[in-house]
Amino acid sequence: MKSLESWGRYPRVEQRTQALTWRSDALPEVSGSVLPHGLGRSYGDSCLNGGGTLLLTSGLDRFIDFDPATGVVRCEAGVSLDMILRLGAPRGWFLPVTPGTKFVTVGGAIANDVHGKNHHCAGTFGRYVRRFELVRSDGSRRICSPDENPDWYGATIGGLGLTGLITWAEVQLKPISNPYVLQETVPLANLDEFLVVARESEADHQFTMAWVDCLARGKKVGRGLLYRGNFAPPQFDGLPLAKSHLSHGIGLAVPMDMPSFCLNRLTVSAFNWLYFHRQNGKPKQRLTHYDPFFYPLDAIYGWNRIYGRKGFLQFQCVVPYSTARDALKDILERSSRGGLPSFLSVLKTFGDIPSPGWLSFPRKGVTLAMDFANRGEKTYRLVEELDRVTREAGGAVYPAKDARMSPESFAAYFPRHTEFAGYVDPAFSSSFWRRMHPVSLPFSLESERASGAPQPQSVLALR
Amino acid sequence: MKKVLVLGATSAIAQATVRLLAARGASLYLVGRNAANLDAVTKDAATRGAAKVESKAVDLNDFATHEALVEGAFQALGGLDGVVLAHGVLGDQAESQATWTATEAVLRTNFMSAVSLLTPLANRFEAQKAGTLVVISSVAGDRGRQSNYVYGASKGALNVFLQGLRNRLAKANVAVVTVKPGFVDTPMTAHLPKNKLFASPEKVARGLLRAADSRKNEVYVPGIWALIMLIIKSIPESVFKKLKL
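Cut-off values and rules
Residues numbered from 1 in each chain as written. Chains lettered and ligands numbered in written order. Predicted model: local features only at pLDDT ≥ 70, side-chain atom pairs only at ≥ 80, totals over all residues. Heavy atoms only, no water. pLDDT = per-residue confidence, 0-100. Contact = heavy atoms within 4.5 Å. Buried < 20%, exposed > 50% of the residue type's maximum accessible area, 1.4 Å probe, protein only. Helix = DSSP H or I, 4+ residues; strand = E, 2+ residues; numbered from the N terminus. Pairing = 2+ DSSP bridges. Axes fitted to C-alpha atoms, helices over the stretch in contact; angles between N-to-C directions.

**Comments concerning the confidence of the model for chain B**
Next, step 1: Confidence in the prediction for chain B averages 96 pLDDT; 100% of positions are at 70 or higher.
Next, step 2: Among the prediction metrics, the complex's ipTM stands at 0.92, with pTM recorded as 0.90.

Shown next as structure tokens:
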């Protein structure tokens, strides 16, 4: 048994691990349940399998084929988005959709149907997955695509790794003329301004997202900076941009767990004030390499250690436009009132481009992501409250970033969950999945939480 | 090394080396036992930029195929200027102690098959007066220890063979590079508990290619093993035999 963490470092569960090496091998035979695990960038418990076995896919990291004429790449599921960029970017091909870290495997990107700053015009990652192979514990192997086994294709995209093991996938990249992004930063006084500027920006910007100072209160709720951009044209101000200067970040690392007193209301609000006022209140335009534009945090290796041993909880929700203003104001105010600093909060709009995945999280509306340092019960209660506000607003919470949503919420957020359950491999499970299906437990989850008994995750881990 | 034959190409260290060679645009001839796994490594190398990749699935314990295999590699790539010999087995010390059959299997794979392959390769390289032969040995070959002396003996014999070969080929401008990795985190060692001394296959591959590029004789990768083995080799036998190593 070993303690393998998710990116948020909460919850902590004990599980065995089994490394996978070859895509043609049969699934290893182990007692108990298994769950594929890539680079562990999911924040909560959807990439953990307490009491069971994690199938480590990082050894499945081979390319199978890349066509520089069409931009179609075929690779094993453990290949990271970083490896794809290193292959594709110098040849003029970029990821069609990328999350805020490139240290995510292709299998993980499919299982969580990740989205990026371009959801309003590109949709989710799953839309660009042409085919993949799914191996089940009964030994069967299926090629899944919109035409072949479309039901398995739909269940597996966003399927949280529960439908079987993805061994390889074929992804359509998109052409770029150079690796630079023309980026504009616009200061936002509050949430209302965000809602106006974000929608305006969608028309002629591929990429938009906003950083919010979530300690701002009253009229300033939602104060922040909106970033919008497009891949730069081949020429910019007469400078040729053909040459690729692949930078690999600035190579900082967080060498140890930071003591928890480093992060408090004072330090976070000072950081936020400085960050906001660096801008002078005026829009700014600049040319930037794709690396810092898409992956600012990847430059600081192990940034999750800033939150210390106890880790942090991330919360990401999406709410429809009709309820967005009130619900987001409520969520931002609750988190600010709670006195629990969220170091990094991000607002972004989602478009209505549908995903093939049944359990895909993005849907038309406004999404907000926040980090909360883990201060125990107080933090859990806050996140559970935010889950409730989201549900009442007709929104949804992102399983890849969740550690506390209720089973009732999960059912409400993902109406196809019962259909999906029929496609879950009997040998596959996760701590998240058992948390969402506690009905078979001889006790109620709510009473466990109320009584101050051990964390539900650790109790579930015993199953 | 521009035209390289890789023996045991599906091993973790060889795979990592193949990736680095492919990124340099080398031409490769890959040899491994399992056809499906070899195909995965071959396609990966081609996608990562190798100028040319050919492969052949054979069991290197079948010595009768070796001459033809070497001939095939020269033909396929239009000559060779580098060889990376990476195949080997760890074996099981307890089984080897119990039966000669188990011991013989380790010696055959790690020592005899390597010699059988290096004989025609050395002759051709000597004749063309150019090339680099890189052989993955092990720190275990430096001193016999009760915990794995059969594996150690196979690698120790290989080391002595390579010393002689180096001595012979020096005047023909052929480099013979003995690479001695310490603990490497690979499927071969998957069953062992890991500690800080375990290196990644990528790190070992980088050290291997650095040594090959500069035509070194014997290298420890990572370098810390030079110090560790210096200490281990300098313990007097009268003391050493009482240690539990």
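**Points about the confidence of the model for chain A**
Next, step 1: Per-residue confidence for chain A gives a mean pLDDT of 87, with 86% of residues at or over 70.
Next, step 2: Low pLDDT, under 50, characterises residues 441–463 of chain A; the stretch is placed with 34 contacts to residues that sit more than four places away or in other chains.

**Some words on the pairing of strand 3 (residues 34–37) of chain A**
Residue and element names in this part refer to chain A.
Next, step 1: Of the two faces of strand 3, the one carrying Val-34 and Pro-36 and the one carrying Leu-35 and His-37 are both buried.
Next, step 2: The pairing of strand 3 with strand 4 (residues 53–56) spans four bridges and is parallel. Bridge pairing in strand 4 links Pro-36 to Leu-55.

**Observations regarding unusual backbone geometry**
Next, step 1: Residue A:Pro11 follows A:Tyr10 across a cis peptide bond; omega there is -5 degrees.
Next, step 2: Within the secondary structure, A:Pro11 is located in the loop between strand 1 (2–3) and strand 2 (14–19).
Next, step 3: Positive phi is not limited to glycine here, since A:Asn149 has a value of about 45 degrees.
Next, step 4: With respect to the secondary-structure elements, A:Asn149 resides in the loop between strand 9 (141–144) and helix 4 (150–156).
Next, step 5: With a phi close to 55 degrees, B:Lys129 is a non-glycine residue in the positive phi region.

**Let's talk about the pairing of strand 22 (residues 365–373) of chain A**
Residues and elements named next belong to chain A.
Next, step 1: When you tally the buried positions in strand 22, you get nine out of nine residues, the bulk of the element.
Next, step 2: Pairing analysis gives eight bridges linking strand 20 (residues 312–319) to strand 22, with the strands arranged antiparallel. Considered in strand 22, the bridge of Val-319 is made with Val-366.
Next, step 3: Sheet analysis places strand 21 (residues 345–350) next to strand 22, joined by six bridges and oriented antiparallel. By the bridge assignment, Lys-348 is partnered in strand 22 with Thr-367.

**What to know about the sheet that holds strand 5 (residues 63–67) of chain A**
Next, step 1: One open sheet accounts for five strands, arranged 5-6-10-8-9 (chain A); its pairing is antiparallel. The open sheet is flanked by strand 5 and strand 9 of chain A, the only strands paired with a single partner. Neighbour-to-neighbour, the strand axes of this sheet turn through a mean angle of 10 degrees, independent of strand direction.
Next, step 2: Here strand 5 of chain A pairs with strand 6 (residues 72–76) of chain A via four bridges, running antiparallel. Note that in strand 6 of chain A the partner of A:Phe66 across the bridge is A:Val73.
Next, step 3: Packing against the sheet, helix 1 (residues 81–88) of chain A makes contact with strand 5 and strand 6 of chain A, and its axis sits at approximately 40 degrees to strand 5 of chain A.
Next, step 4: Its contacts with the sheet place helix 2 (residues 35–47) of chain B against strand 5 and strand 6 of chain A, and it is angled at close to 35 degrees to strand 5 of chain A.

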